[in-house]
Amino acid sequence: MGLVLAVIAVTFNILSGGLFLGPENLYNIAQQTAVVGIVATVVVLVIVARHIDLSVGSVMGFVGVLIATLMYTGGWHWISASLAGLAAAIAVSFYQGALSAKLGVPSFVVTLGGLMSFRGAAFLVADGKTQPVNDAFFQRLGGGFDGAIGVAASWLLALLVCVAVVLATWSRRRAQAAYQVPNNPLWLDVALTLVPIALVLAFVATMNAYQIPAKDAPQGVPIPVLIWGGVALLLSFIVKRTRFGRYIFAMGGNPEAAALVGIPVKRVTLMLFVLLGVLVTVAAIVSIARLNAGTNSLGTGMELYVIAAAVIGGTALTGGSGSIMGSVLGALIMQCIDSGMLLLDVSIGVRYVVIGQVLIVAVVFDVLYRRLTGETV
């Protein structure tokens, strides 16, 4: 997927006359991908557990409009409004998760109903009116004007990430040696460590090179990207280091066997949907902060993009396998294709056709790959 992303970027850069890989376009891609990326990280786990959620866009719209309405009409502080939105999202997710986990109603049916119901709820909350957001600090969370951390903080962050990558490689080699597990050749591990370091440094240099015309200082890394990165790291930790994460993959591999060995399948499913509600709220906050308003159309079509990002990133629709890093690459691929076609002045109809076919190609590739490797499709 990383190679595919590189090919897409180089191709669009050539076709756009060098505009695609310019600092301004890459800065915009990073910001635009963050909302989809935040939701896609947890949708990966939902699909891994053999469920689906078609209502994420509608719930995000409902929560976003609710937060904006409480701030603008109700005069609430953004923190208390966000907590109210979080409570609403958790209640929605608990309701939909309980129908699937406790009563056995297919999540496809439950969330399909939610897709329509909560889009209507978003309209009812604000009576169909757009709710502006005026809090200056809250607007920074969307990555707009002054919505980045600046040059010095960006380089410091890059340094910390590079040190963490080196320490992770060193710790892995040391652990494998202690347990007499063969290590990769040293030169190979050095090369595999230098690749992410180079990518991090290149990314930060590009973000620092972008400067808003109305502002004299460079921007640095956008705050939405930091939130996305933090979410991805947290869910990666949950997947790799917690019992809850291992349960999700066990359930996806074989739900009946998971129940027989004592895994609380219903409770884990319910917790997973609640986690989805939490991250949908985070995405809603970032989205309305970026738009400076809560609108009824917020999150429209989001379900297509997050599911596509998960599948393109290698998550099997049959459950049991997937990765958080894959969802990051999948979201970037989706946004790069969309942004590249926008730069080339491709009509919105053609863009939708291409994005839809990319999703189909990813699923076909997944099916063929599993047949060739002997996995169950």
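What counts, and where the lines are drawn
Starting afresh in each chain, residues are numbered from 1 along the sequence in its written order. It should be noted that, the model being predicted, local features are given only for residues of pLDDT at least 70 and side-chain atom pairs only at 80 or more, the latter also being counted only at that level, while totals for whole chains, interfaces and linings use all residues. Only hydrogens and water are set aside; all other atoms, that is, all heavy atoms of the structure, feed into the side-chain values. Whether a residue is buried, partly exposed or exposed follows from its accessible area with a 1.4 Å probe, protein chains only, as a fraction of its type maximum: under 20%, in between, or over 50%, in that order. By the criteria applied, helices consist of DSSP H or I runs no shorter than four residues and strands consist of E runs no shorter than two, each listed in order from the N terminus. The reported arc concerns the directions from the helix axis to the C-beta atoms and nothing else. By definition, residues are in contact when any of their heavy atoms lie within 4.5 Å. Each aromatic pair joins two rings of Phe, Tyr and Trp (for Trp, the six-membered one) with centres within 6.5 Å, and gets the label stacked for planes under 30 degrees apart, edge-to-face for over 60, and tilted for any other angle. Axis geometry follows a simple rule: fit a line to the C-alpha atoms, using only the stretch in contact for helices, then measure angles between N-to-C directions, giving values from 0 to 180 degrees. An angle counts as roughly parallel when it lies under 35 degrees, as roughly antiparallel when it exceeds 145, as roughly perpendicular when it falls between 65 and 115, and as oblique in every other case. Definitions for this section: a left-handed crossing has its near helix turned counterclockwise from the far helix by less than a right angle. A right-handed crossing has that turn clockwise. Each residue gets one of three labels, nonpolar for Ala, Val, Leu, Ile, Met, Phe, Trp, Tyr, Cys and Pro, charged for Asp, Glu, Lys and Arg, and polar for the others, Gly among them. A score between 0 and 100, pLDDT records how confident the predictor is in each residue. To form a nonpolar core, buried Ala, Val, Leu, Ile, Met, Phe, Trp, Tyr and Cys residues must be joined to one another through side-chain atoms within 4.5 Å. Any pair of N or O atoms that falls within 3.5 Å is considered a polar contact. Within protein, one atom must be able to donate a hydrogen and the other to accept it, and sequence-neighbouring residues count only if both atoms are side-chain atoms. We define a salt bridge as a contact between a side-chain nitrogen of Lys or Arg and a carboxyl oxygen of Asp or Glu at a distance within 4 Å.

## Examining helix H10 (residues 243-253)
All buried positions along H10 are accounted for by Phe244, Gly245, Ile248, Met251 and Gly252. In an axial view of H10, the angular spread of the buried residues amounts to 125 degrees, which keeps them on one side of the axis. Of the surrounding secondary structure, the elements contacted by the buried residues of H10 are helix H2 (23-48), helix H9 (223-241), helix H11 (255-260) and helix H12 (265-291).

## What to know about the packing of aromatic side chains
Scanning all chains against the criterion turns up 5 aromatic pairs. Within the aromatic cluster, the residues linked to one another by ring pairs are Trp78, Phe137 and Phe138.

## Concerning the packing of helix H3 (residues 56-72) against helix H4 (residues 78-101)
As a packed pair, H3 and H4 sit with axes 9 Å apart at the nearest point and diverge in direction by 150 degrees. On the basis of their axis angle, the class for H3 and H4 is roughly antiparallel. Here the hand of the crossing between H3 and H4 comes out right-handed. Counting all contacts with H3, which are made through Val59, Phe62, Val63, Leu66, Ile67, Leu70 and Met71, the residues of H4 involved are Trp78, Ala81, Ser82, Ala84, Gly85, Ala88, Ala89 and Val92. A per-class count over the contact of H3 with H4 returns 13 nonpolar, 2 polar and no charged.

## A short note on unusual backbone geometry
Located in the positive-phi region is asparagine 292, a residue other than glycine, with phi close to 60 degrees. For asparagine 292, the location among the structural elements is in the loop between H12 and strand E2 (293-294). Given the relative accessible area of 34%, asparagine 292 is considered partly exposed. With a phi close to 65 degrees, aspartate 345 is a non-glycine residue in the positive phi region. If you trace the backbone, aspartate 345 turns up in the loop between helix H14 (324-343) and helix H15 (348-373).

## So, the packing of H4 against H12
Viewed as axis vectors pointing N to C, H4 and H12 meet at an angle of 150 degrees, and their least axial separation amounts to 8 Å. The two elements H4 and H12 cross, and the hand of that crossing is right-handed. Together, Ser82, Gly85, Leu86, Ala89, Ile90, Ser93, Phe94, Gly97, Ala98 and Ala101 of H4 and Lys266, Thr269, Leu270, Phe273, Val274, Leu276, Gly277, Val278, Thr281 and Ile285 of H12 make up the contact between the two elements.

## Thoughts on the confidence of the model for the protein
For the protein, the mean per-residue pLDDT works out to 89, and 98% of the residues sit at or above 70. Within the protein, H4 carries the highest mean pLDDT (95), whereas H15 carries the lowest (80).

## Some details on the nonpolar core
Formed by 93 residues in total, the largest nonpolar core has its most connected members in Phe138 and Val306. Looking at this core element by element, the count peaks at 14 residues for H2. Those residues in contact with phenylalanine 138 that lie beyond four places of it in its chain are Met71, Trp78, Ser82, Val133, Ile285, Ile288 and Ala289. Counting residues in hydrophobic clusters, the runner-up holds 10 residues, among them Ala30, Ala148, Met207 and Ile212.

## Things to note about the environment of leucine 66
Mapped onto the secondary structure, leucine 66 falls in helix H3. In sequence terms leucine 66 and leucine 201 are 135 residues apart; their C-alpha atoms lie 39 Å from each other. Beyond its immediate sequence surroundings of up to four residues, leucine 66 is in contact with Ala84, Gly85, Ala88 and Val125.

## Quick notes on the side chain of glutamine 335
Secondary-structure assignment places glutamine 335 in helix H14. A residue is classified by how much of its surface remains accessible, and glutamine 335, at 14% relative accessible area, is buried. A distance of 3.0 Å separates a polar atom in the side chain of glutamine 335 from a polar atom in the side chain of glutamine 32. The residues contacting glutamine 335, other than those within four sequence positions of it, are Ile29, Gln32 and Thr33.

## Quick look at the pattern of salt bridges
According to the stated counting rule, one finds 3 salt bridges in the structure shown. Among the salt bridges present, the one from aspartate 189 reaches arginine 172, with a minimum N-O distance of 2.9 Å. Taken as a pair, aspartate 189 in helix H8 (residues 186-209) and arginine 172 in helix H7 (residues 151-178) lie far apart in primary sequence, 17 residues in all. Overall, aspartate 189 belongs to the buried group, its relative accessible area being 1%. A relative accessible area of 32% means that arginine 172 is categorised as partly exposed. One salt bridge in this structure joins arginine 173 and aspartate 189, with 2.7 Å as the shortest N-O distance. Placement of the pair is arginine 173 in helix H7 and aspartate 189 in helix H8, with a sequence separation of 16 residues. One salt-bridge network, held together by shared partners, links Arg172, Arg173 and Asp189.

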